[in-house]
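# Residue-level structure breakdown
Here are the chains, one letter per residue:
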Amino acid sequence: MEALAIAASLALAFILGVSDAPNASSALIASRTAGYRAATAFAFVFHALGGFVSGTAVALTITTLIHVPGSDVPAAFAAGGLSAVVFVAVATRLGIPTSASFGLVGGLIGAALVQGGADAVTWGGLNGFHPVGTLGVLIGLVISPPIGIGVAWLARRGIDIVLRRATRRALRPVRAAIWVGAASVAFSDGSNDGQKAMGLAAGALVATGSLQEFSIPFWLRAAVALILALGTAIGGRRIVRTVGTGLYQGGPVDSLGAQGSAAAVILGGSALGFPISTSTVVASAVVGVGTGRRFRHVHWITFSRTVSAWAITVPACIGIGALLYALFQLIG
């Protein structure tokens, strides 16, 4: 089961990358700062860097979401990771931006409920500004999108004030800043999402005695970072198009505001140990910029469809995680 848990964590890293495909590249493409290939190559490099130099705060949070006997940890973690993989793979096929982070939490809850009932789930909440247990993580996942909208709205208003007398010459530094913003989003994205997959694998290694204490071996960090970055590079064009132009079709200044705001929210969440759903924050930042500029030009039908997909992720993955864990127990 240890090998299965590691395989599940690597599969999760890949699917996190696929669902993260639009996070950095969509702004570059939508603003016509870069083409699809250049944008995805750029995102690959900085997602990998983020995974390589990430900390362990988010990874540790992931390992504390459920409380099951050590011998059952690998199967529970494998079920949780694979439930997110299955759900996100289907959603991505349909071109719907969804969240593997929501799916992972749901899958772990489902596995724990089968193993030991409600007592096997660490419900928790908040300890100051830090998440504790599944409720703490879910609180962060739920409030980060509205925070992203608010920060992006303020950023767009602030940019309007700064550039109110600017000429077209200002577009050159704005486009250069979009590259910096995209790098920040990709780096923070790789760091936060990479830790989720690393936490599953490292937690399973500790439970089986392969690691004496929680740490992330270099081989695991390198594998997760590269596989996650690979997922972003080959992620679906349909999701990139949905986030880049399907929610709000703005210009370079809008892309700059969305990228900077999303990076700030993701980095802040990572510092506090919150597993952030980066795809939801980026999509919300795009909407926030749109409401700050032209409220009626935001494609609210597309956004409501996207939010609906996020809302069903946790309950769907609870069911998938429960079924997978029961299957793993059945086959030994």
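Above: the structure in question.
These figures come from a predicted structure and were not determined experimentally.

Of the regular secondary structure elements, the chain holds 13 helices and two strands. Classification of the 332 residues of the chain by burial places 56% in the buried group. Intrachain contacts of the chain at a sequence separation of at least 6 include 84% that bridge at least 24 residues. As presented, the chain carries roughly 13200 Å² of accessible surface, and 67% of it is formed by carbon and sulfur atoms.

For helix α8 (residues 171-207), which comprises 37 residues, the first-to-last C-alpha distance of 54 Å matches the rise-based estimate of 54 Å (1.5 Å per residue) to within 8%. With its phi angle positive at about 90°, Gly-209 sits one or two positions after the end of α8.

Another aspect to go through is the side chain of Ser-270. Assignment of secondary structure puts Ser-270 in helix α11 (residues 252-272). Using a relative accessible area of 12% as the deciding quantity, one classes Ser-270 as buried. Leave out the neighbours within four places in its chain, and Ser-270 touches Ala-57, Val-58 and Asn-192.

Here the focus is the nonpolar core. If you look at the biggest cluster of nonpolar residues, it comprises 50 residues, and the most contacted ones within it are Leu-12, Ile-66, Leu-104, Val-105, Leu-108 and Leu-200. When contributions to this core are tallied by element, the ones reaching two or more residues are α1 (2-19), α4 (57-63), α5 (73-93), α6 (100-116), α7 (133-162), α8, α9 (218-233) and α13 (300-331). Per-element accounting of this core gives the leading share, nine residues, to α5. Not counting the four nearest positions on each side in its chain, Leu-108 is found in contact with Ile-62, Leu-65, Ile-66, Ala-76, Phe-77, Gly-80 and Leu-200.

A separate point is the packing of aromatic side chains. Remark: the centre distance and the inter-plane angle together describe each pair of aromatic rings, the angle taken between the planes. Throughout the structure, instances matching the rule amount to three aromatic pairs. An angle of 45° between the planes, with centres 4.8 Å apart, marks the rings of Phe-42 and Phe-46 as tilted. Residue Phe-42 and its partner Phe-46 are located together in helix α3 (residues 36-52), separated by four residues, close to a single helical turn. The class of Phe-46 is partly exposed, set by a relative accessible area of 24%.

Take the pattern of salt bridges next. One pass over the full model with this rule turns up one salt bridge. Asp-193 serves as the salt-bridge partner of Lys-196, at 2.4 Å between the closest nitrogen and oxygen. Of this pair, Lys-196 and Asp-193 both sit in helix α8, three residues apart, which is roughly one turn of the helix. No difference in accessibility class separates Lys-196 from Asp-193, as the two residues are buried.

For the rest of this paragraph, the subject is α6. Across its 17 residues, α6 extends 24 Å between first and last C-alpha, which sits within 8% of the 24 Å expected from 1.5 Å per residue. The buried fraction of α6 amounts to 13 of the 17 residues, a majority that puts the element mostly inside the structure. Just past α6, the residue Gly-117 takes up positive phi, approximately 75°.

Glancing now at the packing of α3 against α8. Where α3 contacts α8, the axes come no closer than 7 Å and their chain directions differ by 45°. Classified by the angle their axes make, α3 and α8 are oblique. In the packing of α3 onto α8, the handedness of the crossing is right-handed. Along the contact surface, α3 presents Phe-42, Ala-43, Phe-46, His-47, Leu-49, Gly-50 and Gly-51, while α8 presents Trp-179, Ala-182, Ala-183, Ala-186, Phe-187, Asp-189, Gly-190, Ser-191 and Met-198. Counted by class, the contact of α3 with α8 contains ten nonpolar, five polar and one charged residues.

With that settled, consider the environment of Val-132. For Val-132, the position within the fold is in strand β2 (residues 130-132). Residue classification places Val-132 among the partly exposed positions, given a relative accessible area of 34%. Once the C-alpha coordinates of Val-132 and Thr-122 are considered, the two residues, ten residues apart in sequence, prove to be 8.1 Å apart. Not counting residues up to four positions away in its chain, the partners in contact with Val-132 are Trp-123, Gly-124, Gly-125, Leu-126 and Asn-127.

It is worth spelling out a nonpolar patch on the surface at this point. On the surface, Leu-126, Ile-139, Val-142, Ile-143, Ile-147 and Val-151 cluster together into a nonpolar patch covering about 470 Å² of accessible area. Checked against the element boundaries, Ile-139 lands in helix α7.

So, how was this worked out
- Residues numbered from 1 in each chain as written.
- Predicted model: local features only at pLDDT ≥ 70, side-chain atom pairs only at ≥ 80, totals over all residues.
- Heavy atoms only, no water.
- Helix = DSSP H or I, 4+ residues; strand = E, 2+ residues; numbered from the N terminus.
- Buried < 20%, exposed > 50% of the residue type's maximum accessible area, 1.4 Å probe, protein only.
- Contact = heavy atoms within 4.5 Å.
- Areas by Shrake-Rupley, 256 points an atom, 1.4 Å probe, with all protein chains shown as cover.
- Expected span 1.5 Å × (residues − 1).
- Core = buried A, V, L, I, M, F, W, Y, C linked by side-chain atoms within 4.5 Å.
- Phe/Tyr/Trp six-rings, centres within 6.5 Å; stacked < 30°, edge-to-face > 60°.
- Salt bridge = Lys/Arg side-chain N within 4 Å of Asp/Glu carboxyl O.
- Axes fitted to C-alpha atoms, helices over the stretch in contact; angles between N-to-C directions.
- Parallel < 35°, antiparallel > 145°, perpendicular 65-115°, else oblique.
- Left-handed = near helix turned anticlockwise from the far one by under 90°.
- Nonpolar A, V, L, I, M, F, W, Y, C, P; charged D, E, K, R; others polar.
- Patch = residues over 30% accessible without salt bridge, like charges linked within 9 Å, V, L, I, M, F, W, Y side chains within 5 Å.

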